Amino acid sequence: MNQMPKVQIYHNPACGTSRNTLALIRNAGIEPEVIEYLLTPPSRDELIQLISDAGLSVRDALRKNVDPYAELNLDDASWSDEKLIEAMLQHPILINRPLVVTELGTRLCRPSEVVLDILPWPQLKAFAKEDGEIIVDQQGNRVK
């Protein structure tokens, strides 16, 4: 097999979508660099690059269903991208996840099977999400 591809996942182990995404990466035989972004947040430049590389707007990269979002009134359209980035840096829980970086691209993997679009190696076996939803069949082919 080829040299292990470089894959990074900005991961929150408390998040089912993030856990499923990590499991799909490993189901391809890849051991990624796992960055628990709540413990080790990206720098300003890294965050801006991740958002840009993923083709997201700053608002798309923002988690809306967490306490700081409402407390800071981040749905107010007057918040500039720069101020939203600052809020994400001060409150990393506001960064939508999981973000995955591979040689084939960067994606916000929501739903988790989006990661299959950027994995350089195929799935090795069947895979079902934690809730039982089958994503990859016995032959390693994407079902959904």
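I will try to describe carefully the structure that is included in this document. From a predicted model like this one, the values you see are computed outputs, not experimental measurements.

**Remarks on the overall build of the chain**
Next, step 1: In terms of regular secondary structure, the chain is built from four helices and six strands.
Next, step 2: Ordered by position in the sequence, the α and β elements of the chain form the string β-α-β-α-α-α-β-β-β-β.
Next, step 3: Referenced to the eigenvectors of the C-alpha coordinate spread, the extents of the chain come out at roughly 50 × 30 × 25 Å.
Next, step 4: Taking contacts inside the chain between residues at least 6 apart in sequence as the whole, the part at least 24 apart equals 58%.
Next, step 5: Per element, the accessible surface of the chain, about 7,600 Å² overall, is 49% carbon and sulfur.
Next, step 6: With 15 positive and 21 negative side-chain charges, the chain shows a separation of 3 Å between the mean positions of the two kinds.

**A look at helix H4 (residues 81-90)**
Next, step 1: Within H4, the full set of buried residues consists of Leu 84, Ile 85, Ala 87 and Met 88. The arc enclosing the buried residues of H4, seen along the axis, measures out at 160 degrees, which places them on a common side. More than 90 degrees from the buried face of H4, the exposed residues found are Lys 83 and Gln 90.
Next, step 2: On the buried face of H4, the contacting elements are helix H2 (44-53).

**A closer look at the sheet that holds strand E3 (residues 99-102)**
Next, step 1: Strand order in the open sheet formed by four strands is E2-E1-E3-E4, with mixed pairing between adjacent strands. Unpaired on one side and paired on the other, strand E2 (33-36) and strand E4 (105-108) mark the two borders of the sheet. Across the sheet, the mean angle separating the axes of adjacent strands is 15 degrees when strand polarity is ignored.
Next, step 2: With three bridges joining them, strand E1 (residues 8-11) and E3 adopt antiparallel strand pairing. Paired with Tyr 10 across the two strands is Leu 99, which belongs to E3.
Next, step 3: Across the sheet, helix H1 (residues 16-27) is in contact with E1, E2 and E3; its angle to E1 comes to roughly 160 degrees.

**Remarks on the nonpolar core**
Next, step 1: Counting 22 residues, the largest nonpolar core has Tyr 10, Leu 62, Leu 74, Met 88, Leu 94 and Leu 99 as its most contacted members.
Next, step 2: Contributions of two or more residues to this core are made by H2, H4 and E3.
Next, step 3: With four residues, the top contributor of residues to this core is H4.
Next, step 4: Not counting the four nearest positions on each side in its chain, Leu 74 is found in contact with Arg 59, Leu 62, Pro 68, Tyr 69, Trp 79, Leu 84, Ala 87 and Leu 94.
Next, step 5: Val 7, Ile 25, Trp 121 and Val 136 belong to the second-largest nonpolar core, a separate cluster that totals 18 residues.

**Observations regarding the pattern of salt bridges**
Next, step 1: Considering all chains together, one arrives at seven salt bridges under this definition.
Next, step 2: Ionic pairing is found between Arg 19 and Glu 130, a salt bridge with its closest N-O pair at 2.6 Å. With a gap of 111 residues between them, Arg 19 in helix H1 and Glu 130 in the loop between strand E5 (127-128) and strand E6 (134-136) connect regions that are remote in the sequence.
Next, step 3: Between Glu 113 and Lys 129 there is a salt bridge, and its shortest N-O distance comes to 2.9 Å. On the criterion of sequence distance, the pair formed by Glu 113 in the loop between E4 and E5 and Lys 129 in the loop between E5 and E6 is long-range, its members being 16 residues apart. Accessibility assignment for this pair places Glu 113 and Lys 129 in one class, buried.

**Some points on H2**
Next, step 1: Buried within H2 are the following residues: Leu 47, Leu 50 and Ile 51. End-on view of H2: buried residues confined to an arc of 95 degrees, all on one side of the axis.
Next, step 2: Packing partners of the buried residues in H2 comprise E1, H4, E3 and E4.
Next, step 3: Positive backbone phi, approximately 75 degrees, marks Gly 55, located one or two places after H2.

Criteria and cut-off values
- Residues numbered from 1 in each chain as written.
- Predicted model: local features only at pLDDT ≥ 70, side-chain atom pairs only at ≥ 80, totals over all residues.
- Heavy atoms only, no water.
- Helix = DSSP H or I, 4+ residues; strand = E, 2+ residues; numbered from the N terminus.
- Contact = heavy atoms within 4.5 Å.
- Areas by Shrake-Rupley, 256 points an atom, 1.4 Å probe, with all protein chains shown as cover.
- Lys, Arg positive; Asp, Glu negative; His and termini not counted.
- Charge placed at Lys NZ, Arg CZ, Asp CG, Glu CD.
- Buried < 20%, exposed > 50% of the residue type's maximum accessible area, 1.4 Å probe, protein only.
- Arc of directions from axis to C-beta.
- Pairing = 2+ DSSP bridges.
- Axes fitted to C-alpha atoms, helices over the stretch in contact; angles between N-to-C directions.
- Core = buried A, V, L, I, M, F, W, Y, C linked by side-chain atoms within 4.5 Å.
- Salt bridge = Lys/Arg side-chain N within 4 Å of Asp/Glu carboxyl O.

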